[in-house]
Amino acid sequence: AEGSRNRTIPTFLQCCILTRAMMSPEDALYSAKMIELLTSIRTPWFSTLNLLNKIFLELVPCIQCCTEYEAKNLGTFLNAILTCLRRWTSDAKIYARECATKPGFCKNFSSPDNPKIEYKEFVSVYGRWMNKFSLVMNQILGASEYMKIRNGLHTLSRVIDVFPAQGLHFSAIH
């Protein structure tokens, strides 16, 4: 049972999120809202932290190897995800209400009753995700291939309202 639980998030990301998030702008928004919904209804064995980590460490680099249309849709998906993350990191009270008691925010996901990640820890993790996003986008924009650069620009144009949130990320991309 534990082995299948460990495959839940990668399988969900591959089969439900990635394929749908790249299909159309509407499907991209649907995918992001599905993640929010599964978090808010306390879905058993659904690790929001693990999923978000996989999105920023594994999905974001895919921007450079998809079609222009898919890159635009992934940008729409990331905009919705980043908007949600920005809300959660903007205020400890919002985090406490929307995240702190949810099983998806367990530090160790061997049990949904394990201690949850604290607000300050979550903000720190969010910072690491933004650093990774900034690094990947910088690599894409610095590529020599036209399509990689174009995909990066399409993605960034979709997340402009929420990224870069810090001057550090702006200067890294600039």
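Our subject is the structure listed above.
Everything quoted here is computed from the prediction, not taken from an experiment.

1. Focus: the packing of helix 2 (residues 25-40) against helix 4 (residues 68-90)
Now for step 1: Where helix 2 meets helix 4, the axes come as close as 8 Å, and the angle between the chain directions of the two elements is 30°. On the basis of their axis angle, the class for helix 2 and helix 4 is roughly parallel. Helix 2 and helix 4 meet at a crossing whose hand is right-handed. Residues Pro25, Ala28, Leu29, Ser31, Ala32, Ile35, Glu36 and Thr39 of helix 2 lie in contact with helix 4, whose contacting residues are Tyr69, Asn73, Thr76, Phe77, Ala80, Ile81, Cys84, Arg87 and Trp88.

2. Brief notes about the nonpolar core
Now for step 1: Counting 48 residues, the largest nonpolar core has Ile55, Phe56, Phe77 and Leu85 as the members making the most contacts within it.
Now for step 2: The set of elements that each furnish at least two residues to this core consists of helix 1 (2-21), helix 2, helix 3 (48-59), helix 4, helix 5 (92-98) and helix 6 (119-141).
Now for step 3: The greatest single-element share of this core, amounting to 10 residues, is contributed by helix 4.
Now for step 4: The residues contacting Phe56, other than those within four sequence positions of it, are Pro61, Ile81, Leu82, Leu85, Trp129, Met130, Lys132 and Phe133.

3. Section: helix 2
Now for step 1: Here helix 2 spans 23 Å end to end across 16 residues, near enough to the 22 Å set by a 1.5 Å rise per residue.
Now for step 2: All of the buried residues along helix 2 are Asp27, Ala28, Ser31, Ala32, Ile35, Glu36, Leu38 and Thr39.
Now for step 3: With its phi angle positive at about 60°, Arg42 sits one or two positions after the end of helix 2.

4. A look at the pattern of salt bridges
Now for step 1: Throughout the structure, instances matching the rule amount to 9 salt bridges.
Now for step 2: Arg87 is paired through a salt bridge with Glu98; the nearest N and O atoms lie 3.0 Å apart. Taken together, the positions of Arg87 in helix 4 and Glu98 in helix 5 put the pair 11 residues apart, joining distant regions of the chain.
Now for step 3: A residue is classified by how much of its surface remains accessible, and Arg87, at 30% relative accessible area, is partly exposed.
Now for step 4: Of the residues examined, Glu98 reaches a relative accessible area of 23% and is grouped as partly exposed.
Now for step 5: The network of salt bridges with shared partners includes Lys33, Glu36, Arg87, Arg97 and Glu98.

5. A word on the packing of aromatic side chains
Now for step 1: The full count for this structure, using the stated rule, is 11 aromatic pairs.
Now for step 2: Ring geometry for Trp88 against Phe105: centres 5.5 Å apart, planes inclined by 80°, an arrangement best described as edge-to-face. On the criterion of sequence distance, the pair formed by Trp88 in helix 4 and Phe105 in the loop between helix 5 and helix 6 is long-range, its members being 17 residues apart. Like Phe105, Trp88 is buried.
Now for step 3: Between Tyr95 and Phe105 the ring centres are 5.9 Å apart and the planes differ by 85°, which places this aromatic pair in the edge-to-face class. Taken together, the residues Tyr95 in helix 5 and Phe105 in the loop between helix 5 and helix 6 connect sequence positions 10 residues apart.
Now for step 4: Note on Tyr95: relative accessible area 1%, which makes it buried.
Now for step 5: Through pairs of rings, three or more aromatic residues link up here, namely Phe56, Trp88, Tyr95, Phe105, Tyr119, Phe122, Trp129, Phe133 and Phe163.
Now for step 6: In this arrangement the basic side chain of Arg20 is found over the ring face of Tyr30, its NZ or CZ atom lying 4.1 Å from the centre.

Criteria and cut-off values
Residues numbered from 1 in each chain as written. Predicted model: local features only at pLDDT ≥ 70, side-chain atom pairs only at ≥ 80, totals over all residues. Heavy atoms only, no water. Axes fitted to C-alpha atoms, helices over the stretch in contact; angles between N-to-C directions. Helix = DSSP H or I, 4+ residues; strand = E, 2+ residues; numbered from the N terminus. Parallel < 35°, antiparallel > 145°, perpendicular 65-115°, else oblique. Left-handed = near helix turned anticlockwise from the far one by under 90°. Contact = heavy atoms within 4.5 Å. Core = buried A, V, L, I, M, F, W, Y, C linked by side-chain atoms within 4.5 Å. Buried < 20%, exposed > 50% of the residue type's maximum accessible area, 1.4 Å probe, protein only. Expected span 1.5 Å × (residues − 1). Salt bridge = Lys/Arg side-chain N within 4 Å of Asp/Glu carboxyl O. Phe/Tyr/Trp six-rings, centres within 6.5 Å; stacked < 30°, edge-to-face > 60°. Lys NZ or Arg CZ within 6 Å of the ring centre and 35° of its normal.

As far as function goes, none of this settles anything; it's purely spatial.
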